[in-house]
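# Overview (structure and organization)
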Amino acid sequence: MRTRSFGVMLSLLALLAAVPSASPQKTNVKAGRAPARSAADLRLDALKAEVAKEIDGLQVLTQQMVDSLFSFGEPGFQEFETKRYCTAILREHGFAIEEQVAGFPTGWLASWGSGKPVIALGSDVDGLLETSQKPGVLEHTPLVEGAPGHGEGHNSGIPLSITAAIALKRVMEREKIPGTIKVWPGIAEELIAGKAQFVKAGVFDGVDVVLFSHVSSNFGVSWGAGSGTGLVSVEYTFTGTSAHAGGAPWGGRSALDAVELMDVGWNFRREHLRLSHRSHNVITNGGGQPNVVPPTASVWYYFREIDYPHIKELRELGDTMAKAAAMMTGTSVSSRLLGSAWPQHFNKPVAETMQANIGRVGMPAWSGDDQAFARAVQRSQKASEQGLVTEVGKLGQPVKPEDNRGGGSDDIGDVSWAVPTVTLRYPANIPGLPGHHWASAIAMATPVAHKGVTAGAKVEAMTALDLLLKPGLVAQAWEYFRTEQTKETKYIPLVGDEDKPATWLNEKLMRDLRPQMRKFYYDPAKYRTYLEQLGVEYPPK
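Described below are features of the structure shown in this document. Computed from a predicted structure; not experimentally measured. (Residues numbered from 1 in each chain as written. Predicted model: local features only at pLDDT ≥ 70, side-chain atom pairs only at ≥ 80, totals over all residues. Heavy atoms only, no water.)

## Things to note about the packing of helix H9 (residues 348–361) against helix H13 (residues 471–485)
What counts is decided by this rule: To obtain an axis, a line is fitted to C-alpha atoms, over the contacting stretch when the element is a helix, and the angle between two such axes runs from 0 to 180 degrees between their N-to-C directions. Numbering of helices and strands starts at the N terminus; helices are DSSP runs of H or I of at least 4 residues and strands are runs of E of at least 2. Roughly parallel refers to an angle under 35 degrees, roughly antiparallel to one over 145, roughly perpendicular to one between 65 and 115, and oblique to any angle outside these ranges. Between two residues, a contact is recorded if the distance between any of their heavy atoms is within 4.5 Å. Gly counts as polar in this scheme, as do all residues outside two lists: the nonpolar Ala, Val, Leu, Ile, Met, Phe, Trp, Tyr, Cys and Pro, and the charged Asp, Glu, Lys and Arg.
Orientation of H9 relative to H13, taken along the N-to-C sense of each, is 135 degrees, at an axis distance of 7 Å. As the angle between them shows, H9 and H13 are arranged oblique. On the side of H9, the interface is formed by Lys348, Pro349, Val350 and Thr353, while H13 contributes Leu473, Gln476, Ala477 and Tyr480. When its residues are assigned to classes, the contact of H9 with H13 shows 5 nonpolar, 2 polar and 1 charged.

Set out below in structure tokens:
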């Protein structure tokens, strides 16, 4: 195997030496030709071609992983089937598995190799509540009514990481390349409740670089401060006194009244908060029935802002509102942190390297059926019928605080303040769809997702090879991290030692729904694709 690989590599080196580099070079005017590339550069190019070939050879496994995770549709903290399935594949391919990571029943960490550098490949795995959807179908057609699903496309990211890791392992073994590859899942990202706990537990201690990935409709990577927000997720529970609401209501103290007064107070204060802030809530417990004064009631808030001081300020304001509501109603209040996220900051040297690999790989070769399907989905959602993107995006630049008008959050932010990190956005979904919505699940077990994940795995694996074979790149990443990113801003966790993972979330929901959802799990032993198993025509007529 080694002899054969070495011969292939020599042939590739010879071919590459004869072909000018795709990247622009200054021309040696006197000689009339571009300067010769080093043997190390030629070897790296050859290994990137090898790893891409390995990934092409894994396309069936990649498709099966994407389809299987889609069929599981598990929400945050309940990713048990996803864990069982992914860890079994990694074990089969020689990775050591650590379970119960950070005290999460669904947490795990896969490792292979030895020594430096240590590169951690990760992506989120949880689904979204009430986004169950039959893939490839334009109308809202839940697989199970009211069930969670992959309306964010998180079924695609960890298959990308696993594909890249398996391909990297094969190349590293053949070429005797030192280094360690880790694969880790983003647990309960939609609850913003996992990665800060992973950081606190030391999961990334000793890691040199994190290559994260997230589904998109195009390729992209950025460096510096990103748009969007960090947050704290807090549940307030009020305790009052029960009474007969019709017979003697004066004997009671309504916890629900306190919840409603807190919400009213917050909504009046909202006008006087910064434009970059976002806040929203749901009542998780509003009492039992109308004729009983509720003795307990709870409300769950997300407080979002673009930097740590303002996130902390919002939390303190929320606490003040809760105490005031308790005082007005004669109740008491307690709170618990369910999740948190720091604003994101990505590493410049690694992002620039990844962007070069995006250019090398290019967009997937979409078929006519893929484009017809995308336009049909866009038409069904009254979005612009632009079809699938065919040109890669540019390297994203830092966002100035004055230009950041807020938005969504991702707890990869905490990881980015612990170790040099980038997020690869890869083209596995359709442009123009609403986020966190069943429509965003339509394409996520179709050829669009399969091709996008394969392309993304190539970019991630090639970037890992750059890190493995260019020690200077890892040094540059840490130089940026220490002298630029953390020069003035220091990471202060929003999650404290007393804040435990909220692993009970979604437990009852899945206990009720899993038996029905299990009937729709994908069986790759019987069916080539999940669409085939469900009898869905692609593209729809």
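## Observations concerning the sheet that holds strand S4 (residues 179–186)
Rules: By definition, two strands form a pair when at least two bridges between them are found by DSSP.
With mixed pairing, the 6 strands of this open sheet are ordered in space as S1-S2-S4-S3-S5-S12. Looking along the sheet, the strands with just one partner apiece sit at the ends: strand S1 (96–99) and strand S12 (421–427). Strand-to-strand twist across the sheet, computed as the mean angle between neighbouring axes with direction ignored, equals 20 degrees. Bridge count for strand S3 (residues 118–124) against S4 is 7 bridges, and the pairing is parallel. When the bridges of S4 are listed, leucine 121 appears paired with valine 183. With respect to the sheet, helix H12 (residues 447–469) is in contact with S3, S4, strand S5 (209–216) and S12, its orientation differing from that of S12 by roughly 150 degrees.

## Considerations on helix H7 (residues 255–269)
Applied cut-off: Multiply 1.5 Å by the residue count of a helix minus one, and that product is the helix's expected span. Buried means the residue's accessible area, taken with a 1.4 Å probe over protein chains only, is under 20% of the maximum for its type, while exposed means over 50%, and partly exposed covers the values in between. In this context, the arc is that of the directions from the helix axis out to the C-beta atoms. The term polar contact refers here to a pair of N or O atoms within 3.5 Å; inside protein, the definition further demands a hydrogen-donor-capable atom paired with an acceptor-capable atom, and it admits residues adjacent in sequence only when both atoms are side-chain atoms.
Under the 1.5 Å per step criterion, the end-to-end length of H7 is 21 Å for 15 residues, consistent within 8% with the ideal 21 Å. Among all positions of H7, only Ala255, Ala258, Val259, Met262, Asp263 and Trp266 are buried. Angularly, the buried residues of H7 cover 135 degrees about the axis, an arc narrow enough to put them on a single face. Close packing links the buried residues of H7 with strand S7 (230–239), strand S8 (278–285), strand S9 (296–305) and helix H8 (308–329). Sitting at the head of H7, serine 254 places a side-chain oxygen 3.2 Å from the backbone nitrogen of leucine 256.

## A short note on the sheet that holds S7
Spatially, 4 strands are ordered S8-S9-S7-S10 in an open sheet, and the strand pairing comes out antiparallel. Of all strands in the sheet, those bounded by a partner on one side alone are S8 and strand S10 (332–341). When strand polarity is set aside, the average angle formed by the axes of neighbouring strands in this sheet is 20 degrees. Relative to S9, S8 is paired through 7 bridges, and the arrangement is antiparallel. Bridge pairing in S9 links asparagine 285 to serine 298. Relative to S9, H7 is tilted by about 20 degrees, and along the sheet it contacts S7, S8 and S9. The sheet strands contacting H8 are S7, S9 and S10, and the helix crosses S7 at an angle near 10 degrees.

## So, the packing of aromatic side chains
Keep this limit in mind: The pairing test for Phe, Tyr and Trp rings, Trp by its six-membered ring, is centres within 6.5 Å, and the orientation test on the planes gives stacked under 30 degrees, edge-to-face over 60, and tilted for anything in between.
Enumeration over the complete set of coordinates arrives at 20 aromatic pairs. Taking the centre distance of 5.7 Å and the plane angle of 25 degrees together, the rings of tryptophan 184 and phenylalanine 212 count as stacked. Note that tryptophan 184 is positioned in strand S4 and phenylalanine 212 in strand S5, a separation of 28 residues in sequence. Its relative accessible area of 0% is what places tryptophan 184 among the buried residues.

## So, the side chain of serine 222
Tracing the sequence through the fold places serine 222 in the loop between S5 and strand S6 (224–225). Not counting residues up to four positions away in its chain, the partners in contact with serine 222 are Phe346, Ala351, Leu395, Gly396 and Arg425.

## So, unusual backbone geometry
Following lysine 116, the chain continues to proline 117 via a peptide bond in cis, the omega torsion being -5 degrees. Locating proline 117 in the fold gives a position in the loop between strand S2 (108–114) and S3. Residue tyrosine 538 is joined to proline 539 through a cis peptide bond whose omega torsion reads -10 degrees. Located in the positive-phi region is glutamine 100, a residue other than glycine, with phi close to 55 degrees. By the secondary structure assignment, glutamine 100 is in the loop between S1 and S2. Judged by its relative accessible area of 48%, glutamine 100 is partly exposed.

## A short note on the pattern of salt bridges
To be explicit about the condition: A carboxyl oxygen of Asp or Glu within 4 Å of a side-chain nitrogen of Lys or Arg is what we treat as a salt bridge.
The final tally for this structure, using the stated rule, is 24 salt bridges. We note a salt bridge from arginine 514 to glutamate 74, for which the minimum N-O separation is 2.7 Å. Of the two residues, arginine 514 sits in helix H14 (residues 507–518) while glutamate 74 sits in the loop between helix H3 (59–72) and helix H4 (80–92), which places them 440 residues apart along the sequence. Among the ionic pairs, glutamate 235 bridges to arginine 336, the shortest N-O distance being 2.9 Å. A residue pair is termed long-range when its members are at least 10 positions apart, and glutamate 235 in strand S7 and arginine 336 in strand S10 qualify at 101 residues.

## Here's the deal with the nonpolar core
Formally: By nonpolar core we mean a set of buried residues, namely Ala, Val, Leu, Ile, Met, Phe, Trp, Tyr and Cys, connected to one another through side-chain atoms within 4.5 Å.
Counting residues in each nonpolar core, the largest one holds 124 residues, and the members touching the most others are Phe77, Ile162, Leu168, Trp184, Phe204, Val210 and Leu211. Sorting elements by how many residues they give to this core places H12 first, with 12 residues. Residue contacts for leucine 168: discarding those within four places in its chain leaves Val51, Leu121, Ile181, Ala461, Ala464, Leu465 and Leu468.

## Examining the pairing of S7
Within S7, 8 of the 10 residues are buried, leaving the element largely enclosed by the surrounding structure. Relative to S9, S7 is paired through 10 bridges, and the arrangement is antiparallel. Bridge assignment links threonine 239 to a residue of S9, and that residue is threonine 296. Here S7 runs beside S10; their pairing, made up of 9 bridges, is antiparallel. Bridged to serine 233 within S10 is glycine 339.

## With respect to the packing of H7 against H8
Counted only if it meets this: Should the near helix be turned anticlockwise from the far one by less than a right angle, the crossing is left-handed, and should it be turned clockwise, the crossing is right-handed.
Here H7 crosses H8 at 135 degrees, and the two axes come no closer than 8 Å. With respect to their mutual orientation, H7 and H8 come out oblique. H8 is crossed by H7, and the crossing has right-handed handedness. Contacts from Asp257, Ala258, Leu261, Met262, Gly265, Trp266 and Arg269 in H7 reach Leu314, Leu317, Gly318, Met321, Ala322, Ala325, Met328 and Thr329 in H8. Taken together, the residues of the contact of H7 with H8 sort by class into 10 nonpolar, 3 polar and 2 charged.

## Section: the environment of glycine 179
Counting through the fold element by element, glycine 179 comes out in strand S4. For glycine 179, a relative accessible area of 2% gives the class buried. In this structure glycine 179 touches Trp112, Gly113, Ser114, Gly115, Lys116, Pro117, Met172 and Leu468, once residues within four positions along its chain are discounted.

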